[in-house]
Amino acid sequence: MRAIRYHEFGDPSVLELEDVEQLTPDADEVLVETRAIGVNPCDTLRRQGLWGDELPLIPGSDVAGVVEMVGERVTRFDVGDRVFGTIPHLNVSGARGDRQGTYAEFVVAREDRLARLPDGVSFEIGAGLGLVGITAWRALFHFGELEPGQTCLIHGGSGGVGHIAVQLAATIGATVIATTSDDYRPIVERLGADVVLEYDQRGLQDAVIESSERGVDVVLDHMLGEYMQFDIDVSAYGGTVVAIGGNYDSPVIQDLTAAIGKDLTIQPMDMFNEPNIDEVLERLARLLDADRLTVNIARTYDLDDGAEAQRAVVEDSFAGKIVLVP
Ligand SMILES: NC(=O)c1ccc[n+]([C@@H]2O[C@H](COP(=O)([O-])OP(=O)(O)OC[C@H]3O[C@@H](n4cnc5c(N)ncnc54)[C@H](OP(=O)(O)O)[C@@H]3O)[C@@H](O)[C@H]2O)c1
């Protein structure tokens, strides 16, 4: 089969389209013929050697496609099912399917990494949802314990994670304050944000505080180096700042007293630690099916343009997701 693979860490030029041997599924695995593959910023961090993976490696976590073969212990899927999901690479259990990524024509995955893709939902949307959907779900509901009637702040509301988080928070009836660049204000409003602010506007912090009656209950922060103190300052008493990424080396908290005074929870998290990926995917699938959630597909690239897609996912500005199509 054709796959993108790299044999050394480095810039996008290390990604090569190769003919590689196709795996067959173990007892608890399925073989999926890929129809679309989500591209995520963490694919590029891994390519640079941040996690010291064994090489060569096929990159990618997100996939959507059609089940081609099932292992004998698989109970949830049959050949021909349309599926989507995300295959973690971190905390590798040793399972083969967790070592091989998704930038390939076929992918072997444990069945608990996948869910059925509802009829009428495109493979591109399925492939764009897994990783960012689980991230937003875990951040808002698992760690943030966001409830209807509470207020959340989502930095970067047009981003991969951000645009899903806006929809999830809006769908449960939370008040959603989202930041964005000017270009994507209309889309973030359409996705359900109650208040949309430009992230580079003057007086952003005051605008957030004015937009929330008693402060923000849950903050979803993907740029900690930029916003950690800001998050503390806009938070309500008892609030939670869920920290998912960005600029870890910077001194991020200048004044901890506000956080102490508010009994804040500052919660770093990694979606790859989610123990019940299939359960979250199934909930996301129900929302897709009910038209209460979608993925904005900003661009698609051919599989052999994987290097260009990885360049774009970190260097270009776009709303939503970039996907590869084999
Ligand atoms: N911990 C985890 O489990 C986890 C999971 C997923 C992602 N992440 C991390 O979270 C980050 C975001 O991931 P993603 O997939 O959502 O990336 P993405 O799709 O590239 O989105 C990033 C967003 O940040 C916005 N942005 C740029 N400058 C900003 C600023 N100064 N203030 C606020 N927003 C700004 C961008 O908007 P413009 O394009 O308009 O500038 C864009 O919408 C990455 O660092 C990723 O590695 C962590």
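Note that residues are indexed from 1 along each chain, following the sequence as it is written. The predicted nature of this model means local features are confined to residues of pLDDT at least 70 and side-chain atom pairs, given and counted, to a pLDDT of 80 or more, with totals for whole chains, interfaces and linings taken over all residues. Side-chain figures throughout are based on the complete set of non-hydrogen atoms in the structure, without hydrogens or water.

### Here we look at the overall build of the protein chain
Under the convention used in this document: Secondary structure elements are taken from DSSP: a helix is a run of H or I of four residues or more, a strand is a run of E of two residues or more, and numbering for both begins at the N terminus. Every radius of gyration here is taken over C-alpha atoms, with the globule rule written as 2.2 Å times N^0.38, N being the number of residues. Classification of residues uses two cut-offs on accessible area relative to the type maximum, computed with a 1.4 Å probe and protein chains only: under 20% is buried, over 50% is exposed, and between them is partly exposed. What makes two residues a contact is simply this: any of their non-hydrogen atoms within 4.5 Å. Surface accessibility follows the Shrake-Rupley procedure with a 1.4 Å probe radius. Residue values consider only the protein chains on display as shielding. Only four residue types enter the tally: Lys and Arg on the positive side, Asp and Glu on the negative side; His and the chain ends are excluded. Here the site of a charge means atom NZ of a Lys, CZ of an Arg, CG of an Asp or CD of a Glu.
Scanning the protein chain from N- to C-terminus turns up nine helices and 15 strands. Relative to a compact globule of 326 residues, whose C-alpha radius of gyration would be 20 Å, the protein chain shows 20 Å and is just as compact. Taken along the three principal axes of its C-alpha coordinates, the protein chain extends 55 × 40 × 35 Å. Within the protein chain, the fraction of its 326 residues that count as buried is 55%. In the protein chain, 70% of the contacts between residues at least 6 apart in sequence involve partners at least 24 apart. Element-wise, carbon and sulfur atoms account for 44% of the exposed surface of the protein chain, whose accessible area totals about 13,700 Å². Separation of charge centres in the protein chain, based on 25 positive and 56 negative side chains, amounts to 3 Å.

### Describing the site of the ligand
Let me state the cut-off plainly: Here, proximity means that at least one heavy atom of the residue falls within 4 Å of the molecule or strand. Here a polar contact is taken to be a pair of N or O atoms separated by no more than 3.5 Å, where protein atoms must pair a possible hydrogen donor with a possible acceptor and residues adjacent in sequence count only if both atoms sit in side chains. Polar here means any residue outside two lists: the nonpolar Ala, Val, Leu, Ile, Met, Phe, Trp, Tyr, Cys and Pro, and the charged Asp, Glu, Lys and Arg; Gly therefore counts as polar. As used throughout, domain bounds are those supplied by an automatic or database domain assignment.
The local shell around the ligand holds 20 residues, among which Ser 181, Tyr 199, Tyr 227, Met 271 and Ser 317 are the closest. In the model, a nitrogen atom of the ligand is placed 2.6 Å from a nitrogen or oxygen of the Tyr 227 side chain. Within the backbone of Met 269, a nitrogen or oxygen atom sits 2.9 Å from a nitrogen atom of the ligand. Expressed as a share of its isolated accessible area of 920 Å², the protein-covered part of the ligand is 81%. Broken down by secondary-structure element, the contributors of at least two residues to the shell around the ligand are helix 2 (123-143) and helix 3 (160-171). Residue composition of the shell around the ligand, grouped by class: 11 nonpolar, eight polar and one charged. Counting the residues that make up the shell around the ligand, at least three belong to each of domain 1 (2-117 + 296-325) and domain 2 (132-271).

### Section: a nonpolar patch on the surface
Going by this rule: Note that patches include only residues with greater than 30% relative accessible area and no salt bridge, and the join distances are 9 Å for like charges and 5 Å for nonpolar side chains (Val, Leu, Ile, Met, Phe, Trp, Tyr). When a carboxyl oxygen of Asp or Glu is within 4 Å of a side-chain nitrogen of Lys or Arg, the pair counts as a salt bridge.
Taken together, the side chains of Ile 253, Leu 256, Ile 260 and Ile 266 present a nonpolar region at the surface, about 320 Å² in accessible area. As for its placement among the helices and strands, Ile 260 is situated in helix 7 (residues 257-261).

### Looking at the packing of aromatic side chains
Quick reminder of the rule: The rule is short: rings of Phe, Tyr and Trp, with Trp giving its six-membered ring, pair when the centres are within 6.5 Å, and they are stacked under 30 degrees, edge-to-face over 60, tilted in between. Whether a charge lies above a ring is judged from NZ of Lys or CZ of Arg, which has to be within 6 Å of the ring centre and within 35 degrees of the ring normal.
All told, the structure shown has three aromatic pairs when counted by the stated rule. Ring geometry for Tyr 227 against Phe 230: centres 5.5 Å apart, planes inclined by 75°, an arrangement best described as edge-to-face. With Tyr 227 and Phe 230 both in helix 6 (residues 224-234), this residue pair falls three residues apart, about one helical turn. Here Tyr 227 and Phe 230 have matching classes, each one buried. Directly above the aromatic system of Phe 123 lies the positively charged group of Arg 82, at a separation of 4.6 Å from the ring centroid.

### Considerations on the pairing of strand 14 (residues 297-302)
Regular strands have side chains that alternate between both faces of the sheet. Where we set the bar: Two strands make a pair as long as DSSP finds a minimum of two bridges between them. Crossover handedness is defined here as right-handed if the route from the first strand over the helix to the second strand goes clockwise, with the strands pointing away from the viewer.
Alignment of strand 14 against strand 15 (residues 321-325), held across five bridges, turns out to be parallel. Its bridge partner being in strand 15, Asp 302 is matched across the sheet by Val 325. The β-α-β motif built from strand 14, the intervening helix 9 (residues 306-315) and the parallel element strand 15 has right-handed crossover chirality.

### Here's the deal with helix 9
Cut-off, in case you're wondering: It is the directions from the helix axis to the C-beta atoms whose arc is reported.
What helix 9 keeps buried is the set Gly 306, Ala 309, Gln 310, Ala 312 and Val 313. On an axial view of helix 9, the arc spanned by its buried residues comes to 160°, and they lie on one face. Elements that come into contact with the buried residues of helix 9 comprise strand 1 (2-5), strand 3 (29-39), helix 1 (41-47), strand 14 and strand 15.

### Digging into unusual backbone geometry
The omega torsion across Leu 55 and Pro 56 is 0°, close enough to zero to call that bond cis. Secondary-structure assignment places Pro 56 in the loop between helix 1 and strand 4 (62-70). For Asp 291, which is not a glycine, the phi torsion comes out positive at approximately 60°. By the element assignment, Asp 291 lies in the loop between helix 8 (277-289) and strand 14. What makes Asp 291 exposed here is its relative accessible area of 72%.

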